[in-house]
Amino acid sequence: MAARLLHRFLQAAAAAAALLAACTSPQASDHQPGLTPAEQHALAQLLPQESQLLSQPPKLKSREPEDGEKTAPGEDFYSYVNSEWLASYQMPPDKLSIGAAEELTERSDADIRKMIEGIIAANPAPGTLERKIADLYAAAMDEATIEARGTAPLLPHIARIKAVKTRDELTRLMGVIGYNSPIGISVAPSPADPDANAVWLSQAGLGMPHRGYYLSFGIEDESLRLAYRSHVINILRLIGTPDPEGAALRIYNLERKIARAHTDEDRSISAEEALRTMSLAELKAFAPGFRWDLFLSEGGFTKADRFVVTDQTAVADLAKLVPAESLDDWKLWMEFHFANGFAEYLPKEFANSYFEFFSRRLAGMEEKPARWQWAVGIVNNYLGEGVGELYVRKNFPPGYKADIDAIVANIRSAFAARLTSLDWMDDKTRVEALDKLKTLKAQIGHPDAWRDYSGLKVEQGKLFESVYGAFEYIWDEQRADMSNAVDRERWPTPAHVVNAFYNPLSNTFTMPAGILQAPYFDPDADPAENYGGIGAVIGHEISHGFDDRGRQFDGSGRNRNWWSKQTDARFVSKSDALIDQYDAYCPWTGICVNGLGTLGENIGDLAGLEIAYAAWKMSLNGKVAPVIDGQTGDQRFFLAYARSYRGKVREELARAMLDGDSHAPNRYRVNGVVRNMDAWYAAFNIQPGDKLYLPPNERVRLW
Ligand SMILES: [Zn+2]
């Protein structure tokens, strides 16, 4: 579904790195690390003014219709449906994107604010979930205390880094939560055995979102890199690092080497290759030169013997980098990243520099969000499922679940009927596919059991410590997971989040209460619109189980090839055609969608809408949908779909997302899907010669 538009991309660079695993040209990594003379010159120019606002890159001329331009449906269906909305909605200065999901999130933020203010007024008892929510929110709102405390909460952590004397001590500290490491660590089910948890190891350690930001070329890239280094200098100066300019260069050079070791996500390789499962002995042989025992001991993973290594060669190359690079440079890098990671919870000078680079320069945001909204965001981040618990009690009528369950049941039946009749699938593979559909689990609305936050401490008036405490709490949970069976009932998200999810490792999809609202779902709306809205989202999530990655996992979540050779080849040729279609969508001259990088989501969109359409038809039981306001049921179905994707994204962020987000821009999520569906041609009388027209034999029909 619509990724929450890199919301986290601005909150934590590490999360962004995962989201923005991107596609720089391979030659870039052959470039020598370090600063070019031009960069050094440019940096020297910039240094005296680094505290000023960093200039924005020039805007590009779009190749797509203007916002208010009403096109014919066959010309640009997205503009045909959304031109009025696009013309009338202006991007607020404190937003990166607007659209249906953002509007719902905005509303839920306001509701949560009211709810929290009510909790604060009721003065809940110490130790309760309500008390923790109240205290965290109040600490985030209390700017005066944050200013008065200054760097005091940060300094013990900086001192801990400064006290490191040996590489072994450094390696240990890299394994402690909150301290930066070139190798990221988390706990999740093993793809080889999804009933057992494994330690996942991945590339990490960069300040900017991904390797392309360090290694690609162009004037604009240079200015972005300079802006980043200027932010590094600001932070170093604030924590009292001697010679912050020199130190920033050393940190930057180190990150450039880290970037060279990083890899781009490669969807052309198998999941088995992309997620290598190994024992500790195998890990040590795969990535030698790094004291794995020390790194893992600090996190409490000494007994782990099941590892999943992602990002192909990166982990091995990063492991070599730790002993090869200067200990002092690693320490400087770690000091900067600790302060940067917590900059938003520190005095204004930290938070402003962080905003200037990550929000304004990188993504184009003009103003900070209101303080209350930011504070709601903090509570959502660290006590999200607790907020969700209180929120759905008020905002998710129990009757909704039955309505959604009925739509889900129809979509399952429609998908099963389709699997049964597919002409390109052999019978043996078909049995497996049907079995996977049958075992697919649905999480609708909210979890049955709520997350227990009793172990999480929130300290009154201490935002920094409370956030670090939340980090440690999550870390403890992950550690505990290693000695427990996989909890297949666990939810991937708080219940009020406006998004939807599919997890191939448990073959489960999740539709939180947050997205079960208009315009996606309205119990009083015409069914054609509900199927074009929430039906398409449900179909999309289910289809992820059968997209280019998801199809490599079976019904139990195990990574296993259940495809016959012949059927596999047919799937690949169909998806190749879809890749070619999306490669040709270019919002700006020479700046195009990455068809392979977005394949999984495009399959989800196309299959999701096809199946939602079939399910809606099934739900009519042979009757013809009524004409309402002059529109046929088929028209309303497609209009609702296109409406649910209306949205605007700031150009800076839109371009960054083209480079690495797994979703195509919304315009193509609409136009690129409908033009492959026969029913759309009939509903809007699309003819040869129309821009979106595809001859029937070129329409991709996957599921
Ligand atoms: Zn998706």
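(A) Here's a closer look at the domain arrangement of the protein chain. The assigned domain composition of the protein chain is domain 1 (8–54 + 148–365) and domain 2 (411–447 + 516–698). Looking at the side of domain 1 that touches domain 2, the elements that each hand over two or more residues are α12 (271–274) and α17 (348–363). The class makeup of the residues in the side of domain 1 that touches domain 2 is 15 nonpolar, 5 polar and 2 charged.

(B) Summary view of the environment of E349. With respect to the secondary-structure elements, E349 resides in helix α17. For E349, a count of 17 C-beta atoms within 10 Å puts it in the partly exposed group. Between the alpha carbons of E349 and G150 there is a distance of 9.9 Å; along the sequence they are 199 residues apart.

(C) Spotlight on the sheet that holds strand β3 (residues 193–203). Overall, mixed pairing links the 4 strands, which are arranged β2-β3-β5-β4 in an open sheet. Each end of this open sheet is capped by a strand with a single partner; those strands are β2 (183–190) and β4 (276–278). Strand-to-strand twist of the sheet, defined as the mean angle between neighbouring strand axes without regard to direction, takes the value 30 degrees. Pairing geometry for β3 and strand β5 (residues 307–309), over 3 bridges, is parallel. The partner of V199 across the bridge, within β5, is F307. Across the sheet, helix α21 (residues 463–482) is in contact with β2 and β3; its angle to β2 comes to roughly 45 degrees.

(D) Structural detail: the packing of helix α22 (residues 527–544) against helix α25 (residues 633–644). In the contact formed by α22 and α25, the axes pass within 7 Å of each other and the chain directions differ by 40 degrees. For the pair α22 and α25, the sense of crossing is right-handed. Contacts between α22 and α25 involve A528, E529, Y531, G532, G533 and A536 on the former and, on the latter, G633, R636, F637, F638, A640, Y641 and S644. For the contact of α22 with α25, the per-class residue count stands at 7 nonpolar, 4 polar and 2 charged.

(E) Representation of the pairing of β2. By the bridge criterion, 8 bridges tie β2 to β3 in an arrangement that is antiparallel. Across the sheet, I185 pairs through a bridge with L201, a residue of β3. Here β2 folds back onto β3 in antiparallel fashion, the turn holding 2 residues.

(F) View of the pairing of strand β8 (residues 508–512). By the criterion of burial, β8 is predominantly enclosed, with 5 of the 5 residues buried. Burial along β8 is two-sided: T508, T510 and P512 and F509 and M511, pointing in opposite directions, are all buried. By the bridge criterion, 5 bridges tie strand β6 (residues 441–445) to β8 in an arrangement that is parallel. Across the sheet, Q443 pairs through a bridge with T510, a residue of β8. With antiparallel pairing between neighbouring strands as the criterion, strand β7 (residues 501–503) and β8 make up a hairpin whose turn holds 4 residues, including N507 at a positive phi of roughly 50 degrees.

(G) The arrangement of helix α4 (residues 100–122) in detail. Taking 1.5 Å of rise per residue, the 23 residues of α4 would be expected to cover 33 Å, and the 33 Å separating its terminal C-alpha atoms lies within 8% of that figure. Residues of α4 that are buried include every one of A100, A101, E102, L104, T105, S108, D109, I112, M115 and I116, and no others. Check the buried side of α4 and you find it contacts β1 (97–99), α5 (129–141), α18 (371–395) and α25. Of the residues one or two after α4, N123 is the one with positive phi, at around 50 degrees.

Thresholds, definitions, all that
Residues numbered from 1 in each chain as written. Predicted model: local features only at pLDDT ≥ 70, side-chain atom pairs only at ≥ 80, totals over all residues. Domains from an automatic or database assignment. Helix = DSSP H or I, 4+ residues; strand = E, 2+ residues; numbered from the N terminus. Nonpolar A, V, L, I, M, F, W, Y, C, P; charged D, E, K, R; others polar. Buried ≥ 20, exposed ≤ 12 C-beta atoms within 10 Å, placed from the backbone. Pairing = 2+ DSSP bridges. Axes fitted to C-alpha atoms, helices over the stretch in contact; angles between N-to-C directions. Contact = placed C-beta atoms within 7 Å. Left-handed = near helix turned anticlockwise from the far one by under 90°. Expected span 1.5 Å × (residues − 1).

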